[in-house]
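Structural features, examined
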Amino acid sequence: MRIGIKVLGCPKNEADCEILAGLLKKRGYEIVRDVENADVVILDTCAFIEDAKRESISEIFEFVDYKLSTRQGLKLIVKGCLVQRYGRILREEIPEVDGWFGVIAPERLVEALERGEKYLVPTTPEVVYSFSHRCSLDNRPYSYIKISDGCDRGCTFCSIPSFKGKFRSRKIEDILKEARYLIESGKKEIILVAQDTTGYGIDIYGNQALPELLRSLNSLEGEFWIRVMYLHPDFLTQDIIETMCSLEKVVKYFDVPIQHASDEILRRMGRMKKSEELMELFERIRKACPNAVLRTSVIVGFPGEKDEDFEKLMEFVTDVGFDKLGVFVYSDEEGTVAHGFSDKVDKEVAEERKERLLLEQADISFEKLNGFLGKELVAVLEDRENGFMVGRVWMDAPEIDGVIYLEGEGRIGDFVKVRVEEHDEYDMKGVILCQT
């Protein structure tokens, strides 16, 4: 039987689905990359914000239409966060789907599929698992490893705890086993993901074990990068900062989502650090590692955000000079504390604020990249496009940051030395000099 898997949502879903694909392949199923060639399609969904829910529902209906009009024998299985959150409603409204499964461990999902179950949404989400097999769903030179999932933080805007449950970590030895497998299979970048990577290990080791995990990963043989995403600013300790700065294979890339910079909005969001403390945190990172790349994400249009609150955010972004910035318009999610706030911001106002912030960041990013003109950097080759090799340097995380378009030849997955010759606001162009 041929099984195709399509992943929506965050990198944690990608990691989950590659584990799922590995288990299915071990049991004799053929995993196909083109879902049009599949006998069974497994669609992994997201339910974090309104846009993600709309995308997931749209994909479900597209597959249902395809099944009814072209492939009557196709089986459609929908899994993940959307089902965990709205499973009973979805099952009633879209009976054409052959199976609905919430947030369950890949091993249990395989067993449920083989038993012919049609609906399984656990009371307690199963967000972590042991590593046994993994099957890549693409030929990219990087892979995500989920080190923990779920969340115990009290952010008033976030719906994640309602469908991912409490924070849970995987064991270090299990993560190392998975990392070894990926490195031996040719992956050149291991990206650690969680709802909050700073909390890794607290539930199973009694302390923030991210430094220990990073040291263990750094000791593995091979030429590869280690990247850490989603470092919560309220719990990013000096130990974590110094560990990341000291290890050779860990890229000096700090993804620290602050969400806002107005003390009043931070308080209403349920965040602990105030603006002044956040500024001090970024100063400490740059002191520990002057060439560190700082990335953050923020929410505009949060309930109660006044013009003066937004101006404080603009000023903060300018003063810090973030290398990378993601901007999101507030999504009013039912079941969250913020959903009950009455002082909502008009959507058009929020969108205008988003555009202003992105324009400001474009100028900052352009000036930052000016400093790399003529410099030699190491890039990993990821694709070919319009006569160029497409690579990525350590400063850029895949899928969310920029790339470098390169003249010259190389194999996808190679590390190469490059020289930067021009750039726009986010992407660079250059030439390949040699392999590393």
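The preceding data block contains the structure.
Being a predicted model, the structure only gives us computed values, none of them experimental.

1. Some details on the overall build of the protein
Scanning the protein for helices and strands turns up 13 helices and 19 strands. Whereas a compact globule of 436 residues would reach a radius of gyration of roughly 22 Å, the protein reaches 22 Å, a difference of no more than 12%. Put simply, the protein has 436 residues, and 58% of those count as buried. For the protein, long-range pairs separated by at least 24 residues make up 72% of all intrachain contacts whose partners lie at least 6 apart in sequence. Counting every atom, the protein has about 19,000 Å² of accessible surface; 48% of that belongs to carbon and sulfur. Of the charged side chains in the protein, 61 are positive and 82 negative, and the gap between their average positions amounts to 5 Å.

2. Points about the state of the cysteines
Summed over the entire model, instances satisfying the criterion amount to zero disulfides. A disulfide-free cysteine, C46 has its sulfur positioned 6.0 Å from the sulfur of C81, the nearest such atom. You can call C46 buried: its relative accessible area is 11%.

3. Considering the pattern of salt bridges
Following the criterion strictly, the structure yields 40 salt bridges and no others. Its salt-bridge partner being K146, residue D16 comes within 2.9 Å of it at the nearest N-O pair. On the criterion of sequence distance, the pair formed by D16 in helix α1 (residues 11–26) and K146 in strand β7 (residues 142–146) is long-range, its members being 130 residues apart. When salt bridges that share partners are traced, they join E50, K53, R54, R85, E333 and E334 into one network.

4. Some words on the sheet that holds strand β4 (residues 75–80)
Spatial ordering of the open sheet is given by β2-β1-β3-β4-β5-β6, a layout of six strands whose pairing is parallel. With partners counted over all chains shown, the strands left at the sheet margins are β2 (30–32) and β6 (119–120), one partner each. Lying over the sheet, helix α4 (residues 106–115) contacts β3 (40–45), β4, β5 (99–101) and β6, oriented at roughly 160 degrees with respect to β5.

5. Here's the deal with unusual backbone geometry
Even without glycine at this site, Q259 takes up a positive phi of about 75 degrees. Relative to the assigned elements, Q259 resides in the loop between β12 (253–255) and α10 (263–269). Residue N386 is not a glycine yet carries a positive backbone phi of 50 degrees.

6. Some thoughts on the nonpolar core
Ranked by size, the top nonpolar core spans 57 residues in total, and within it L192, F254 and I285 carry the most contacts. Among the nonpolar cores identified, the runner-up in size contains 50 residues, and I3, A21, I77 and V420 belong to it.

Procedures and definitions
- Residues numbered from 1 in each chain as written.
- Predicted model: local features only at pLDDT ≥ 70, side-chain atom pairs only at ≥ 80, totals over all residues.
- Heavy atoms only, no water.
- Helix = DSSP H or I, 4+ residues; strand = E, 2+ residues; numbered from the N terminus.
- Rg over C-alpha atoms; globule rule 2.2 N^0.38 Å.
- Buried < 20%, exposed > 50% of the residue type's maximum accessible area, 1.4 Å probe, protein only.
- Contact = heavy atoms within 4.5 Å.
- Areas by Shrake-Rupley, 256 points an atom, 1.4 Å probe, with all protein chains shown as cover.
- Lys, Arg positive; Asp, Glu negative; His and termini not counted.
- Charge placed at Lys NZ, Arg CZ, Asp CG, Glu CD.
- Disulfide = S-S within 2.5 Å.
- Salt bridge = Lys/Arg side-chain N within 4 Å of Asp/Glu carboxyl O.
- Pairing = 2+ DSSP bridges.
- Axes fitted to C-alpha atoms, helices over the stretch in contact; angles between N-to-C directions.
- Core = buried A, V, L, I, M, F, W, Y, C linked by side-chain atoms within 4.5 Å.

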